[in-house]
Amino acid sequence: MTAFIDILTPYAIKHGRAHRVLPSLIIAQGILESASGTSELATKANNLFGIKAGSEWSGDIYTKQTSENKSDGTIYYIDADFRKYPTLEGCVIDLVYKYVNGTGWESHNRYAAVLNQTDYKKATAAVKDAGYATDVNYSAKLNGLIEQYELTKYDKVGDNVVKIALDAGHGINTAGKRTPDSEREWSFNSKVLLACSARLNKYQDVQILRLDDTTGNTDVPLTIRTNKANAWKADALVSIHHNALVGKWGSHGGVETLVQEITASKASKDIAAIIQPRIVQAMELRDRGVKPKNNHMTRVSNMPAILTEGGFMDSTTDISALRSDAKLKAQGEAIADGLAVYFKLKLKVTGIPATTPPKEGVRKLYEPTSKAIKDSTEEVLKQLEAGDNGLSSIWRKKLNDVKLTDSDAIGLLFVAVSRGLLSK
Ligand SMILES: [Zn+2]
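The present account deals with the structure reproduced in this document. Because the structure is predicted, anything quoted here is derived from the model rather than measured.

Within the protein, H170 (NE2), E185 (OE), E185 (OE) and H241 (ND1) serve as the donor atoms for the zinc ion, at 2.1 to 2.7 Å. Metal-centred angles of 53 to 143° between the four donor atoms at the zinc ion mark the site as irregular. Considered as a linear motif, the donors of the zinc ion on their single chain read H-x14-E-x55-H. With H170 in the loop between strand 3 (162-168) and helix 7 (185-200) and H241 in strand 5 (residues 236-243), this pair connects stretches of sequence that are 71 residues apart. You can call H170 buried: its relative accessible area is 14%. Look at H241 and you get buried, because its relative accessible area is 10%.

Have a look at this one:
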């Protein structure tokens, strides 16, 4: 039994986590429906969940006699076609696909409530409520297996969660913190923060804590902000600001990232060095570099901390970038992507097509077809976007939308190699 769980668990973790299906649910269903991997379908076709071939399936088929009940109670036998997979991973992918996309013949996804659960009892109830099985005790049986084999340990995201504390400086009405035309610094900061947060959410295993008042109405005292980040044990803190020189329009300008003078950790400096050029690129403003300075947020916080100044509010050149929601969004995403580089975050696999059923078996469920190609493409795209000859972000969008094919990915790899981006 434990041997069967050991085989199934890596697939359940890999595909379950990527699509927000609890691994404990997948493993328990595998145990229950295949008699722990001993059923005919499991041993002959790697099909643990009894998934039938259906007209949209063009992979291998395993034909098996199944019993059906007539309305008068008599039993008769028919041959039914089931999906046959090269490995058990295929049936796990198929099960997850069903939960993410629904049955395919309904406009809504009857399995939507299975997704994003943290409580296994809610997940098993959602499966049953969706009509997955006729057995009235189906969810109770799954719960029993999850408890017996302590499967929830596979649901815990564990120590690899990266906790990011974000802070939009000041409050909306804080005295002084505004442009010569009275636009508020907090409004700029908050837009950047929201874009940063949204982008971070696209990565796996990230938690975000916001330190300022989300409405801006209260200028939360700085000590409360750093206490919050310290108590939460954040892995990094980014305080987002926009600069002012004297509060009168002038030709000065540029982006800078501040680290605590003298005492900044190496991690703080590394994060600043990664993020600063990305903000410069996003805002298309002058590069004032990473600077040491004394600030409460970077001094009192216990974790790596930076304070970004994404341009000058009283600069005649910078102000148009600050007034551009697109640039503020790009700035937020630049901060998020910089953090992702530093913490080696991986993008969530978001793009199983919503309506297209798998046409050619398991191999075509994801594009690019190999995770290795996808991962290295992601790395290449990050680097290509960052460099001077930055590549259009449509490629990353294509990757995220699952529209990037293997040949696209290979082409991009060649570009990267020829530009020396992969030689380290
Ligand atoms: Zn500020």
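What follows is about unusual backbone geometry. In this structure, S182 takes a positive phi of about 75° despite not being glycine. Within the secondary structure, S182 is located in the loop between strand 3 and helix 7. Here S182 falls in the partly exposed class, since its relative accessible area comes to 41%. Even without being a glycine, D205 presents a positive backbone phi close to 60°. Relative to the helices and strands, D205 is located in the loop between helix 7 and strand 4 (206-210).

With that settled, the discussion passes to the sheet that holds strand 7 (residues 287-293). Strand order in the open sheet formed by six strands is 4-3-5-8-6-7, with mixed pairing between adjacent strands. Only two strands of the sheet have a single neighbouring strand rather than two, namely strand 4 and strand 7. Looking at each pair of strands side by side, their axes are set apart by 20° on average, direction ignored. Sheet topology places strand 3 next to strand 5; five bridges connect them, and they run parallel. Along strand 5, the bridge assignment pairs I164 with A236. Contacts from helix 9 (residues 266-283) reach strand 5, strand 6 (255-260), strand 7 and strand 8 (305-312), with the element oriented near 165° to strand 6. Relative to the sheet, helix 12 (residues 325-343) contacts strand 3, strand 5 and strand 8, its axis offset from that of strand 5 by approximately 150°.

To continue, consider the nonpolar core. Among the nonpolar cores identified, the biggest contains 40 residues, and L25, F49, Y99 and Y132 are the most heavily contacted of them. Sorting the residues of this core by element identifies helix 1 (2-18), helix 2 (23-33), helix 4 (88-101), helix 5 (120-129) and helix 6 (138-148) as the ones contributing at least two each. Among the elements that make up this core, the one with the highest residue count is helix 4 (six residues). For L25, the residues in contact, after removing those within four places along its chain, are Y99, V114, A123, T124, V127, L142 and I146. Membership of the second largest hydrophobic core comes to 37 residues, among which are A168, L285, I306 and A321.

Moving on to the pairing of strand 8. Looking along a regular strand, one sees the side chains alternate between the two faces of the sheet. With eight of its eight residues buried, strand 8 lies for the most part within the structure. Direction of pairing for strand 5 relative to strand 8: parallel, over a ladder of six bridges. Considered in strand 8, the bridge of V238 is made with I306. Inspection of the sheet shows strand 6 paired to strand 8 by three bridges, in the antiparallel sense.

In this section: the pattern of salt bridges. On inspection of all chains with the given rule, the structure shows 17 salt bridges. A salt bridge links K141 to D135; the shortest N-O distance between them is 2.6 Å. Classification of D135 by relative accessible area gives partly exposed; the value is 25%. In this structure, K291 and E256 form a salt bridge, with 3.1 Å as the shortest nitrogen-oxygen distance. Linking K291 in strand 7 with E256 in strand 6, this pair joins segments that are 35 residues apart in sequence.

Further remarks concern the packing of helix 2 against helix 5. Relative orientation of the contacting elements helix 2 and helix 5 amounts to 55°, with a least axis distance of 9 Å. Viewed along their axes, helix 2 and helix 5 adopt a mutual orientation that is oblique. Our pair here, helix 2 against helix 5, has a crossing hand that is right-handed. Within the contact between the two elements, helix 2 uses S24, L25 and Q29 and helix 5 uses Y120, A123, T124 and V127.

Quick reminder: α-helices carry 3.6 residues per turn. Residues three or four places apart thus point the same way. Those residues of helix 8 (residues 222-232) that fall on the buried side of the exposure criterion are R225, T226, A229, N230 and W232. Those residues of helix 8 hidden inside the fold are in contact with strand 3, strand 4, strand 5 and helix 10 (296-300). Downstream of helix 8 by a residue or two, K233 has a phi angle that is positive, lying close to 60°.

With that out of the way, let us pick up the environment of A125. With respect to the helices and strands, the residue A125 is situated in helix 5. Among the residues examined, A125 registers a relative accessible area of 28% and is labelled partly exposed. Placed 17 residues apart in sequence, A125 and L142 show a C-alpha to C-alpha distance of 9.4 Å.

So, how was this worked out
- Residues numbered from 1 in each chain as written.
- Predicted model: local features only at pLDDT ≥ 70, side-chain atom pairs only at ≥ 80, totals over all residues.
- Heavy atoms only, no water.
- Donors = N, O, S within 2.8 Å, 3.2 Å for Na, K, Ca; no water.
- Tetrahedral: all angles 85-135°; square planar, octahedral: opposite > 155°, others 65-115°.
- Helix = DSSP H or I, 4+ residues; strand = E, 2+ residues; numbered from the N terminus.
- Buried < 20%, exposed > 50% of the residue type's maximum accessible area, 1.4 Å probe, protein only.
- Pairing = 2+ DSSP bridges.
- Axes fitted to C-alpha atoms, helices over the stretch in contact; angles between N-to-C directions.
- Contact = heavy atoms within 4.5 Å.
- Core = buried A, V, L, I, M, F, W, Y, C linked by side-chain atoms within 4.5 Å.
- Salt bridge = Lys/Arg side-chain N within 4 Å of Asp/Glu carboxyl O.
- Parallel < 35°, antiparallel > 145°, perpendicular 65-115°, else oblique.
- Left-handed = near helix turned anticlockwise from the far one by under 90°.

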